[in-house]
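What follows is each chain in one-letter form.
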Amino acid sequence: MSEIDVTFMYAVHDAFQRDLERLAAMAEGGDASGAAVEAGWERFKAFLHVHHTAEDTHLWPVLRAKGASPAVLDRMEDEHAGLEALLDAVGGAVAAGSAEQLADAARLLADELGDHCEHEEQDALPLVKELLTVQEWKAFGAEQRHQVGSAAMFFPWLLDGADPGMRRKVFDAVPPPVRVLHRFVWSPRYRRAPRWHAPLSA
């Protein structure tokens, strides 16, 4: 029997945290407006929405139907809802171009989203591995791919700044053409586009 592979869950969580750390660092350095900030925010929002929507529609309900802990699943849904105000605060700061406001809002969102991802990994993923079939897990992944639409943007974003171990795990989980396209087409194009960057070393 095949085992459920949760590599992408961890990789996505890492990417969300990396993005918010970069945004906060940019804002703390005085960069709170312009194409990179705006494009990065739209990209972050889109991928977070896809991830949480797929969980709310194709993961938590399936686990509930299989008798998973209601307390854990209620917490997952409540934390999703609780992030909305923090997302609005970051969006407002991006729109206003206020570096101080954006830095504070990004740090708050990073803390809350980081806590949520940790709770998910510690409490919800064990339920996934215990109760879901491989087919049900794949259906959850397929829903995310359907909502994302374009692998050409998703993979470079996912792996931007990922450590070598995580990159290997992700590439081991996808067909070889994805690796080739990522290296020679998708990643170069992504890096030419406006995006959030890690702060330069002093």
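The coordinates are above.
Bear in mind the structure is a predicted one, so any value in this text is a computation, not a measurement.

1. So, empty space enclosed by the protein
Link 1 in the chain: Tallied over the full model, the rule gives one cavity of 30 Å³ or more.
Link 2 in the chain: Here the largest cavity defines a volume of roughly 40 Å³.
Link 3 in the chain: Contributing elements (two or more residues each) for the lining of the largest cavity: helix H1 (7-28) and helix H2 (35-58).
Link 4 in the chain: For the lining of the largest cavity, the leading source of residues is H2, giving three residues.
Link 5 in the chain: Class assignment of the residues belonging to the lining of the largest cavity gives a composition of four nonpolar, one polar and five charged.

2. Topic: H1
Link 1 in the chain: For H1, with 22 residues, the first-to-last C-alpha span of 32 Å sits near the 32 Å given by 1.5 Å per residue.
Link 2 in the chain: Downstream of H1 by a residue or two, Gly30 has a phi angle that is positive, lying close to 95°.

3. Remarks on the nonpolar core
Link 1 in the chain: One finds Phe44, Leu102, Leu109 and Leu158 to be the most contacted residues of the largest nonpolar core, which totals 43 residues.
Link 2 in the chain: Among the elements of the structure, H1, H2, helix H4 (70-96), helix H5 (99-131), helix H7 (151-159), helix H8 (164-172) and helix H9 (176-192) are those that each provide at least two residues to this core.
Link 3 in the chain: Per element, the largest residue contribution to this core is nine residues, and it comes from H1.
Link 4 in the chain: Leu59, Leu63, Leu125 and Val134 belong to the second largest nonpolar core, which has 19 residues in total.

4. Brief notes about the side chain of His116
Link 1 in the chain: Topologically, His116 is positioned in helix H5.
Link 2 in the chain: You can call His116 buried: its relative accessible area is 1%.

5. What to know about the layout of surface pockets
Link 1 in the chain: Taken as a whole, the largest pocket holds about 740 Å³ of empty space.
Link 2 in the chain: Lining of the largest pocket is provided by 28 residues; of these, Phe8, Trp137, Gly141, Gln144 and Arg145 occupy positions nearest its centre.
Link 3 in the chain: For the lining of the largest pocket, the secondary structure elements donating two or more residues are H1, H2, helix H6 (134-148) and H7.
Link 4 in the chain: The greatest single-element share of the lining of the largest pocket, amounting to eight residues, is contributed by H6.
Link 5 in the chain: For the lining of the largest pocket, the per-class residue count stands at 18 nonpolar, six polar and four charged.
Link 6 in the chain: Each pocket or cavity is described by its volume, and for the second largest pocket that value is around 230 Å³.
Link 7 in the chain: Surrounding the second largest pocket, 14 residues form its lining, Leu48, His49, His52, Glu84 and Leu87 being those nearest its centre.
Link 8 in the chain: Of all elements in the fold, only H2 and H4 reach the threshold of two or more residues within the lining of the second largest pocket.
Link 9 in the chain: Taken together, the residues of the lining of the second largest pocket break down into five nonpolar, four polar and five charged.

Parameters at a glance
Residues numbered from 1 in each chain as written. Predicted model: local features only at pLDDT ≥ 70, side-chain atom pairs only at ≥ 80, totals over all residues. Heavy atoms only, no water. 1 Å grid on protein atoms, 1.4 Å probe; cavity = no way out; pocket = protein on both sides within 12 Å on 5 of 7 lines; lining within 4 Å. Points joined across faces, edges and corners; volume = space filled by probe spheres on them. Helix = DSSP H or I, 4+ residues; strand = E, 2+ residues; numbered from the N terminus. Nonpolar A, V, L, I, M, F, W, Y, C, P; charged D, E, K, R; others polar. Expected span 1.5 Å × (residues − 1). Core = buried A, V, L, I, M, F, W, Y, C linked by side-chain atoms within 4.5 Å. Buried < 20%, exposed > 50% of the residue type's maximum accessible area, 1.4 Å probe, protein only.

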